[in-house]
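Next come the chains, spelled out residue by residue.
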Amino acid sequence: MKIKAAVLRSMAHPAPYAQSRPLEITEVELDPPGPGEVLVRIKVAGLCHSDLSVITGDRPRGLPMVLGHESSAEVVEAGPGVNDLRPGDHVVTVFVPSCGCCAPCMRGRPALCEPGAAANAQGTLLSGEHRLHLDGEALNHHIGVSCFAEYAVISRRSCVKIMTDLTHREAALFGCAVLTGAGAVINRARVRAGDTTAVVGLGGVGLSALMACVANGARRVVAVDLSDEKLALARELGATHLINPRDTANTSDLLDAAGGRVDHAFDMAGAVPAFEAAYALTDRGGTTITSGLPNPSHAFKLPLSQMVGEEREIKGSYLGSGQPTVDITRYIDLYKAGRLPVNRLMGQTFMLDQVNEGFDHLASGNGLRDAIVLAD
Ligand SMILES: NC(=O)c1ccc[n+]([C@@H]2O[C@H](COP(=O)([O-])OP(=O)(O)OC[C@H]3O[C@@H](n4cnc5c(N)ncnc54)[C@H](O)[C@@H]3O)[C@@H](O)[C@H]2O)c1
Ligand SMILES: [Zn+2]
Ligand SMILES: [Zn+2]
């Protein structure tokens, strides 16, 4: 079938994107779902920094590609062998398809699924197939989803079925921002009541992490961002200490403003200075956790003797380090109970043909979780 989609043909376009227009809205061909796949109608697609990083070249991917990975959608057709989804069901897309039978999947770590990672790196679905074409040329899928489009064919393993009582605008948030941010806190750091925490970077991922720190009963929640508006929102969400790094000249200032070091410090910005701040904020015996995805060439110089003498830990967290099927369901339940107020993440909405303007807004650092609304 013919659908409208946002195609990226080359990286490193200059900003503003409203002028350089890296994403071309064009008609492409979408094949029917193969075995184990589903045709979905995309309702709302979130704008994540990981999409922006493909546009800037910080997260290089094979092109041309239909971008987008955070979305809420409605099932249109279940392909052969998919018996647990019906037309009209609501799903949230998940950006690592997990095969369920490789070694990491068997160890309960689907975020590390080997065939899933290989398919994402190749720009194919989990089946190894391309279902998107333009003028006879295959278009790559973005991490198994490609939701900046009216419809998508995705692996059954790239989505989680949800109840139909959330709006698609709410539901989309759970696909990446909430799954990643809350998961880093709940699954990877395992923050407990009374612990001390800091979150550096308050985008969709960082604010979700901050909400999870509050929900888990952290007694100190330090919020760090370059935007005073985001710090004000963090205060409303339960942050106890607010820091704009522009106001701190050195590490000693940073620690004073934070009320001292913390048990768990999160880099949710994806920038080396943000990781450095999170590492500086981590207490003796504490853990620095990062979900940030900066350019692969960017590195942090690790002070080894401090790591040993203070028994410090550093952890990466991908896809919220848990079981998306279980986690999305329980995070939605926490939201409905008012304990994870993720509706506060919602930023502006755009139409599909305004997607480049949307990325200018994300790049400005001022927006919350902006989204493309594709259908009611
Ligand atoms: N690990 C995963 O599974 C996963 C999933 C989604 C996104 N990500 C990555 O997480 C990061 C955050 O994503 P997002 O969509 O929330 O991004 P975003 O652009 O919406 O938010 C980033 C925030 O970090 C702030 N920031 C930047 N540099 C800072 C610094 N030095 N100190 C303090 N704050 C700083 C910005 O002001 C902004 O508010 C990105 O690197 C993204 O690629 C990872
Ligand atoms: Zn994302
Ligand atoms: Zn697997």
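Residues numbered from 1 in each chain as written. Chains lettered and ligands numbered in written order. Predicted model: local features only at pLDDT ≥ 70, side-chain atom pairs only at ≥ 80, totals over all residues. Heavy atoms only, no water.

Going by the annotation in an unreviewed UniProt entry, the name recorded for the chain is Alcohol dehydrogenase catalytic domain-containing protein, with Allopusillimonas soli given as the source organism. Recorded under Cofactor (unreviewed entry), the UniProt text for the chain is reproduced unchanged: "Zn(2+)". (UniProt positions renumbered as here; feature names shortened; annotations may be inferred.)

### So, the sheet that holds strand β11 (residues 196-200)
Sheet strands line up and pair through hydrogen bonds in the backbone, either parallel or antiparallel. Strand order in the open sheet made by the six strands is β13-β12-β11-β14-β15-β16, with parallel pairing throughout. The two strands at the open ends of the sheet, each matched to only one other strand, are β13 (241-243) and β16 (313-316). Pairs of neighbouring strands in the sheet enclose a mean axial angle of 15 degrees, with direction left out of account. Its contacts with the sheet put helix α7 (residues 204-215) on β11, β12 (220-224) and β14 (262-267), and the angle it makes with β11 is roughly 170 degrees. Across the sheet, helix α9 (residues 251-258) touches β12 and β13, and the angle it forms with β13 is around 150 degrees. (Pairing = 2+ DSSP bridges. Helix = DSSP H or I, 4+ residues; strand = E, 2+ residues; numbered from the N terminus. Axes fitted to C-alpha atoms, helices over the stretch in contact; angles between N-to-C directions. Contact = heavy atoms within 4.5 Å.)

### Some thoughts on α7
Compared with the 16 Å implied by 1.5 Å per residue over twelve residues, the 16 Å span of α7 between its first and last C-alpha is a close match. Counted residue by residue, α7 has ten buried out of twelve residues, so it is predominantly covered. Looking only at α7, the buried set comprises G204, V205, G206, L207, S208, A209, L210, M211, A212 and C213. In this structure, the buried residues of α7 make contact with α6 (177-189), β11, β12, α8 (228-236), β14 and β18 (369-373). (Expected span 1.5 Å × (residues − 1). Buried < 20%, exposed > 50% of the residue type's maximum accessible area, 1.4 Å probe, protein only.)

### Some remarks on the pattern of salt bridges
Inspection of every chain in the model, using the stated rule, returns 14 salt bridges. Across the pair R9 and E24 runs a salt bridge whose closest N-O atoms are separated by 3.8 Å. Highlighted residues: R9 in the loop between β1 (2-8) and α1 (17-20) and E24 in strand β2 (residues 23-30), separated in sequence by 15 residues. Overall, the relative accessible area of 40% leaves R9 in the partly exposed class. Judged by its relative accessible area of 40%, E24 falls in the partly exposed class. Between D327 and R330 there is a salt bridge, with the nearest N and O atoms lying 3.1 Å from each other. With a gap of three residues between them, D327 and R330 both fall in helix α12 (residues 324-336), about one helical turn apart. Note on D327: relative accessible area 3%, which makes it buried. Where salt bridges share partners, they join R9, E24 and E137 into one cluster. (Salt bridge = Lys/Arg side-chain N within 4 Å of Asp/Glu carboxyl O.)

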